[in-house]
Structure formats: structure tokens, C-alpha cells
Amino acid sequence: MRKLSIICVLVLTIFAITISSFDVEAAENNKNVSKNAGSLVIVGGALDSDNEAVYMKYLTLAQQYKGKSLKDVKIAIIPAASAEPIGSANAYKEDFIQYGVPAENVYTAPIAVIDDPSTKDVDESTWKNNGNSAEIAKKIEEVDAIWFVGGDQLRHVKTLVTPDGKDTVVLNAIRKIYENGAVLGGSSAGAAIMSNPMIANGTSVSALTEGVHLLKNFDQEVDNDQLFLTTGFGFFPHGIVDQHFLQRGRFGRLLVATQYNKTRYGFGIDENSAMVYYGADDSIEVVGESGLLIVDLQEAKTPKSKRFAMNNVTMHYLEKGDRFNVTAGTFELNKKHETTKGIEYYSKNPMATDIFGAQKLKKVLTEDLIDNEAKKAEAIWFDMEDDKKGIGFKFTFRKTNKTEGFWGRIDKVGSYAALNVQMDVEPITIKIQLDK
């Protein structure tokens, strides 16, 4: 009987990113954004209508802007990203009404690039230049909250940023109320636009194997697998924001994008969850079903390698009620999160072979490491070039004397947090041989 063996061989040469030079002006401006009084509710996509925690957090912040009651709050929905602008806007409008906002107080801004097939009397594609409308901008200045729908984040940018890269009058109005204390929210594509630069598309695999590509012409054809960075709105000043994060295994692309952007932090928020940013004190709170991953590259090193490699990446994983103060670099965890140090529940952690699978990173960080007696957890991704060899990456997650895990039952569901996990990424070659 023959046995199939897979041998992993580490490869170290120079990681080449085949792109044109990046105009980093937007990124540099993003790093120096001044503090403001506003807040952001950045949702990682797939927001359920019954997610009361996220919706009420958003509406409470809207009330606090001008001290209004819920029935007096005014919301403007920006539907441009959606392939069904009116349908998407109406779905969110119904949710806001469900949580107490009067229907007449929810305004759908006529800004879009695609005709909604569900409407017969209006061609929404004619709204593509409405970002320049002084009338819409005036209405925006009267609201307490803005909501950006999901879809394609490039459509938000196409409608609210001019071809020469300047803000339209509507985007200027949004910035004005945000700086004064209003709340901005968005899900999926509506989350991606919060940072500048933003991730336009791409997978973790393509990011690690091909590096960063730049999108300067919003009408150019792109490969959806490739990691493209482009102009975002920069409401969130502390690094790139990614979404659908754990569910779609996007930590590889966030890592590459953050390293390329030369910022310390990258933030990945999972589905049906929100990363709430408070501009007044520069802090972040996690709300909702899943969690937030923070990558910290302050101590990371990039060895010379033919393909992507990095050592000493610091990772933090937070869930509902956990907070992070970006300025201070400090954490305040949910009081129900208690340490797992010295009372780890698990004792075995076989290598994970599908690290970019749905929710796999969370399992590796939690059950395989911080709630495990093991000092490290390993994972790989690989792709076979033929029946004998392939290429991939090995990920080693390590405990240090600063690492600490937490677990608690919150809202009747088990919840984890992990601080100061160290990670190394190494390129590998896979070879297959038959054992006789």
C-alpha cells in the first residue's frame, strides 16, 4: 500500500511587486487626519435586520449628535454602491423604521451609477453626477447620520469624488457634519470606503503571491482576484479597513495592504459585526455577532524573499464589548472576558491546511493557541502547479510573555479575545512523493 506524503520546503528570495509607483499623497493625508467629534459604525457586511446591537449603536450615536430623541433623528442613505440602489436603500430604510425612526426622516439621496431593475419610472443611472448637486448637499447638512450601502465600493467613489480626485459638494457636506459630530455608517462596500487608500478587491492568495496593484482609473478592467488599492474617503484615519473578514479569509490581503501602505495598523471586521470608531477619544469598540482583527506592524520585519515574507507581526482579536484606544495603544476588554492563561481548555492543535477558509483564522488564534497548552499554532495554504509540486505559505502563530487569551459567555454565547499574538509568514514549496 502506498502513502502520499507532502513535503514543505521553505524558499527565501526577493518578493517582487510588479506595479507602478504609488502616489502616496492620499495615504499620507490619511495619516494626518485631525480628530473630530464624529463617530463611525463600520460593518463587515451581511448585517442582519435583527442585529439590534449594531442598529441601536448607530441610532444612539445619531441621537447624541444634537441631543435628539429617536423620533426626531434624520438619516440620509447613500445607495450608489448597489446594483439595485432603490431596493438596497429601501431595505435599510425599513430597518431604521423598525428601530424607531419615522419613515419621513429617512432620505435616500439620489446618487447612483446603475439603473435599479425593480423600478419602472426612474433610471437611477442618470444620478451618476448628482454628487455635484448643491440641493442634495444642503439636505445632507440637515441630517444626523449617513448610511453607505454595500455593493461595489468603487461606485461610491465614482459618484462622490471628481475625476481629478477632489471631493464633490455632497462629500464635502458629509465631511462637514462628521467633523461636527454626526455618525457615518456603512456595511461591506460601505465599510471599505471608510479608509484611504481603500481595498477595491482581491483575495488573500493573490495578495501574497502577486502583491499590490494600483487602481487610478475607476473604469479600467481589473482581475477580481488581484489586490487593488485605490482612493477611499479617509473618514477613519488609522489604517486600512477590510470587511467580510473572517468569513472570507481576508487577513492575507489586509497584511499585504497594510505593509504596502506603511501604516502601523490594519483592521479587519467580520460579518454581522461593527467596528465603532469614536473620533472624540480615538477609540474603537466591537459590537455585534463576531469580531475584529487588528494587525500591528510596529515590530514586524520583512526579510528578503522572492515571495512575500514577514516576521513578528502582532495580532489582536476582539469581540463584543471589547475596546481599543488607538492613540494610547491600550485595551479595555468586556468584563465578562476572563483570562485563559493557566487554565487552557485544549491541548492539541494539528496544522491547519485551509487557513483562508471561513472562520479558520479565528479557530487557529483561539482554540489552537490562546486557549491551548501549546506555545504555537501552525497553518499553511498551498496550490499545486502540477501533480508533483506546488507553492504556498506557512503561518506560525506564537505566544510570547505578552500574549494573553480571554473567554467568556456573553449574551449566552461563548466569546473569545486574544492580545499580542505573534505571527510569522514564510513562503514554501510543496513537493509530493509516494511512500512505498
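Since the model is a prediction, treat every value here as computed from it, not as a measurement.

Focus: the overall build of the protein chain
- Across its full length, the protein chain carries 10 helices and 22 strands.
- A compact globule built from 436 residues would reach a C-alpha radius of gyration of about 22 Å, and the protein chain, at 22 Å, matches this within 12%.
- Projected onto its principal axes, the C-alpha positions of the protein chain cover 75 × 50 × 45 Å.
- By the burial criterion, 55% of the 436 residues in the protein chain qualify as buried.
- For the protein chain, the proportion of contacts with a sequence separation of at least 24, taken over those separated by at least 6, is 75%.
- For the protein chain, the computed accessible surface area is about 19,000 Å², with 48% contributed by carbon and sulfur atoms.
- Between the centroid of the 50 positive side chains of the protein chain and the centroid of its 58 negative side chains there is a distance of 6 Å.

Quick notes on the layout of surface pockets
- The space that makes up the second largest pocket amounts to roughly 330 Å³.
- Forming the walls of the second largest pocket are 19 residues, and the residues nearest its centre are D152, Q153, A200, N201 and N224.
- Counting only elements with at least two residues in the lining of the second largest pocket, the list comes to helix 5 (153-160) and strand 7 (198-201).
- Tallying contributions element by element places helix 5 first for the lining of the second largest pocket, with 3 residues.
- Looking at side-chain class alone, the lining of the second largest pocket contains 5 nonpolar, 9 polar and 5 charged residues.

Description of helix 9 (residues 251-261)
- With 10 of 11 residues buried, helix 9 is to be regarded as a mostly interior element.
- All of the buried residues in helix 9 are F251, G252, R253, L254, L255, V256, A257, T258, Y260 and N261.
- Just past helix 9, the residue K262 takes up positive phi, approximately 60°.

Regarding the sheet that holds strand 2 (residues 39-43)
- The 9 strands lie next to each other as 4-3-5-6-2-12-13-16-17, forming an open sheet whose pairing is mixed. The sheet terminates laterally at strand 4 (106-108) and strand 17 (330-332), the two strands that pair on one side only. In this sheet, adjacent strand axes meet at a mean angle of 20° when their direction is disregarded.
- As paired elements, strand 2 and strand 12 (residues 273-278) share 5 bridges and run antiparallel to each other. In the strand pairing of strand 12, V43 is matched with A274.

Remarks on the sheet that holds strand 9 (residues 227-230)
- Read from one edge to the other, the open sheet built from 3 strands follows the order 7-9-8, with strand pairing classed as mixed. The two strands at the open ends of the sheet, each matched to only one other strand, are strand 7 and strand 8 (212-214). The average angle at which neighbouring strand axes cross in this sheet is 45°, direction not considered.
- With 3 bridges connecting them, strand 8 and strand 9 associate as parallel partners. Paired with L214 across the bridge in strand 9 is L229.
- Docked against the sheet, helix 5 engages strand 7 and strand 9, running at close to 120° with respect to strand 7.
- Sheet strands in contact with helix 9 are strand 7, strand 8 and strand 9, and its direction is about 45° off that of strand 9.

Topic: the environment of G87
- Take G87: it is sitting in helix 3 (residues 85-98).
- Given a relative accessible area of 30%, G87 falls into the partly exposed group.
- C-alpha of G87 to C-alpha of T119: the two residues are 32 residues apart in sequence and 8.6 Å apart in space.

Rules and cut-offs
- Residues numbered from 1 in each chain as written.
- Predicted model: local features only at pLDDT ≥ 70, side-chain atom pairs only at ≥ 80, totals over all residues.
- Heavy atoms only, no water.
- Helix = DSSP H or I, 4+ residues; strand = E, 2+ residues; numbered from the N terminus.
- Rg over C-alpha atoms; globule rule 2.2 N^0.38 Å.
- Buried < 20%, exposed > 50% of the residue type's maximum accessible area, 1.4 Å probe, protein only.
- Contact = heavy atoms within 4.5 Å.
- Areas by Shrake-Rupley, 256 points an atom, 1.4 Å probe, with all protein chains shown as cover.
- Lys, Arg positive; Asp, Glu negative; His and termini not counted.
- Charge placed at Lys NZ, Arg CZ, Asp CG, Glu CD.
- 1 Å grid on protein atoms, 1.4 Å probe; cavity = no way out; pocket = protein on both sides within 12 Å on 5 of 7 lines; lining within 4 Å.
- Points joined across faces, edges and corners; volume = space filled by probe spheres on them.
- Nonpolar A, V, L, I, M, F, W, Y, C, P; charged D, E, K, R; others polar.
- Pairing = 2+ DSSP bridges.
- Axes fitted to C-alpha atoms, helices over the stretch in contact; angles between N-to-C directions.

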